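These are the residues of each chain, in order.
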Amino acid sequence: MTDPLSRRSFLGTAAAVAAAPSLDARFPAPAVIRSSQARYAAVASANGIRGVTKAVELMTQGADTLDAGVEGVKIQELDPEDMSVGYGGLPNEEGVVQLDASCMHGPSRRAGAVACLEGIKTPSEVARLVLKYTNHILLVGAGAKRFALSYGFKEEDLLTPRSREAWLRWRANRGRDDDWVDVPAGQPIGPRPTGTINLNTINAKGEISSVTTTSGLAWKIPGRSGDSPIVGAGQYTDNTIGAAGSTGLGEANIMACGGFLTVEHMRQGMKPTDAALATLKRVLAMAPPRLVDERGRPRFQLEFYALNKAGEFGSASFFPSKYAAHDGREGRILDTAPLFPR
Ligand code: GLY
């Protein structure tokens, strides 16, 4: 049996699509990747490569699309080495890890979210509880924590030695006028890290879900929430159309309601990658001038991941990046379609 996603056929598809008319002259149309059997597919940020595999495995065993997605992102939430999500995520400026997550379940048209949740390793599970057991959609801060504890979640210290060390270095080197002794040269604090995981799933019945979870922008002002817990920004699902979600600078995405907008672009007939590219253009058009350079390029990165009702999936980003996808046969790391070269 031929593999419809073999390198040769994939490159062939890419070449055929490249020859098709562009979205416009500046942003050529990218490849569209179709799930091999138009069923059981998952698409995620690159750190979701284990997650998409887990999610598809669970769906093929009969798991619901949202449950499968949550189990997929939990791998990162519980992984202390992923400093962008859950346990081990980088903290706010006071050294406290505050987590955000949201999810949508297409078949039941329900959503749940938590923001600024402290002390709980898996905010995606708490967001799913909000979805399942309340008439609300978003719980924040202390209320979100009490809600989680009432369901038996254990309160834990989410800082790992590594994330605490990164925060201490940032605090010590914050500015020339602070009262902390600088960390010696040779231990650079590096760029301000961001990170998140978004994961979208579809099963053989065409049921679709999405989930996004993050520790948000490192060193953020306490109480800051990004796009991840905002339904319609960090993720969105319409079971009749598809799902989409994001990673990157949340503030820019919130301004364009990027998850929702990407699904709306698919509703208008765009393929997932084209839909994500169109959303990036809107984000850029809405971005405040201080976030745009003199050449009209964003000073930040943002990625969208999308899948449609046919099981087609894709991803686009401002600058070249990677994403994870599973077509029902295998999970792979793929290149996003960039709006700008690096
Ligand atoms: N996209 C994650 C955040 O900005 O918090």
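Caption draft 1: Region of the structure containing the sheet that holds strand E2 (residues 41–45). Here 8 strands make up an open sheet; going across it, the order is E5-E4-E3-E7-E6-E2-E12-E13 and the pairing mixed. Looking at which strands have only one partner, the edges of the open sheet turn out to be strand E5 (138–140) and strand E13 (331–335). Direction aside, the axes of adjacent strands within the sheet are offset by 10 degrees on average. As judged from the 6 bridges shared by strand E6 (residues 197–202) and strand E7 (residues 208–214), these two strands associate in the antiparallel manner. Note that in E7 the partner of Asn198 across the bridge is Thr212. Running over the sheet, helix H4 (residues 123–133) touches strand E3 (99–105), strand E4 (110–117), E5 and E7 and is turned about 135 degrees from E4.

Caption draft 2: Structural context of the nonpolar core. In this structure, Val114, Val126 and Leu199 are the most contacted members of the largest nonpolar core, which totals 32 residues. Those elements that place two or more of their residues in this core are E2, helix H2 (49–60), helix H3 (65–77), E3, E4, H4, helix H5 (141–150) and E6. Residues Ala256, Leu280, Val292 and Phe300 belong to the second largest nonpolar core, which totals 20 residues.

Caption draft 3: Quick look at H2. Here H2 is 12 residues long and its end C-alpha atoms lie 17 Å apart, about the 16 Å a rise of 1.5 Å per residue gives. Among all positions in H2, only Gly51, Val52, Ala55, Val56, Leu58 and Met59 are buried. Seen along its axis, H2 keeps its buried residues to an arc of 165 degrees; they face one direction. Lining the buried residues of H2 we find E2, H3, E6 and strand E12 (322–326). At the exit of H2 stands Gly62, carrying a positive phi of roughly 105 degrees.

Caption draft 4: Spatial organisation of the pattern of salt bridges. Overall, the coordinates contain 17 salt bridges when judged by the stated rule. Close ionic contact of Glu125 with Arg128 constitutes a salt bridge, the shortest N to O distance being 3.9 Å. With Glu125 and Arg128 both in helix H4 and 3 residues apart, this pair spans about one turn of that helix. No difference in accessibility class separates Glu125 from Arg128, as the two residues are buried.

Caption draft 5: Seen up close, unusual backbone geometry. The phi dihedral of Trp219 falls on the positive side, at around 65 degrees, and the residue is not glycine. Of note in the backbone geometry, Cys257 takes a positive phi value of approximately 50 degrees without being a glycine. As for its position among the elements, Cys257 is in the loop between helix H7 (250–256) and helix H8 (258–267). Residue classification places Cys257 among the partly exposed residues on the basis of a relative accessible area of 41%.

Caption draft 6: Summary view of the packing of H4 against H5. Direction vectors running N to C along H4 and H5 enclose 85 degrees, while the axes themselves pass 10 Å from each other. Between H4 and H5, the crossing angle belongs to the class labelled roughly perpendicular. Along its contact with H4, which presents Val126, Leu129 and Val130, the element H5 presents Ala144, Phe147 and Ala148. Looking at the contact of H4 with H5 residue by residue, the classes come out as 6 nonpolar, no polar and no charged.

Rules behind the numbers
- Per chain, residue numbering runs from 1 following the sequence as it is written.
- Whole-chain, interface and lining totals are the exception, using all residues; otherwise, since this is a predicted model, local features are given only for residues with pLDDT of at least 70 and side-chain atom pairs are given and counted only at 80 or more.
- Side-chain numbers come from the whole structure's heavy atoms, not from hydrogens or water.
- In short, DSSP must find at least two bridges between two strands for them to pair.
- Elements are defined by DSSP. Helices are runs of H or I of four residues or more, strands are runs of E of two residues or more, and each kind is numbered from the N terminus.
- Between N-to-C directions, angles span 0 to 180 degrees; the directions come from axes that are lines fitted to C-alpha atoms, helices contributing only their stretch in contact.
- Contacts between residues were defined by any pair of non-hydrogen atoms, one from each residue, lying within 4.5 Å.
- To define a nonpolar core, start from buried Ala, Val, Leu, Ile, Met, Phe, Trp, Tyr and Cys residues and group those joined through side-chain atoms within 4.5 Å.
- Exposure classes here rest on a 1.4 Å probe applied to the protein chains alone. A residue is buried below 20% of its type maximum, exposed above 50%, and partly exposed in between.
- By this rule, a helix spans an expected 1.5 Å times one less than how many residues it contains.
- By arc we mean the arc of the directions from the helix axis to the C-beta atoms, nothing more.
- Definition used for salt bridges: Asp or Glu carboxyl oxygen within 4 Å of a side-chain nitrogen of Lys or Arg.
- The scheme is simple: roughly parallel for angles under 35 degrees, roughly antiparallel for over 145, roughly perpendicular for 65 to 115, oblique for anything else.
- Any residue outside Ala, Val, Leu, Ile, Met, Phe, Trp, Tyr, Cys, Pro, Asp, Glu, Lys and Arg is labelled polar, Gly included; the first ten of those are nonpolar and the last four are charged.

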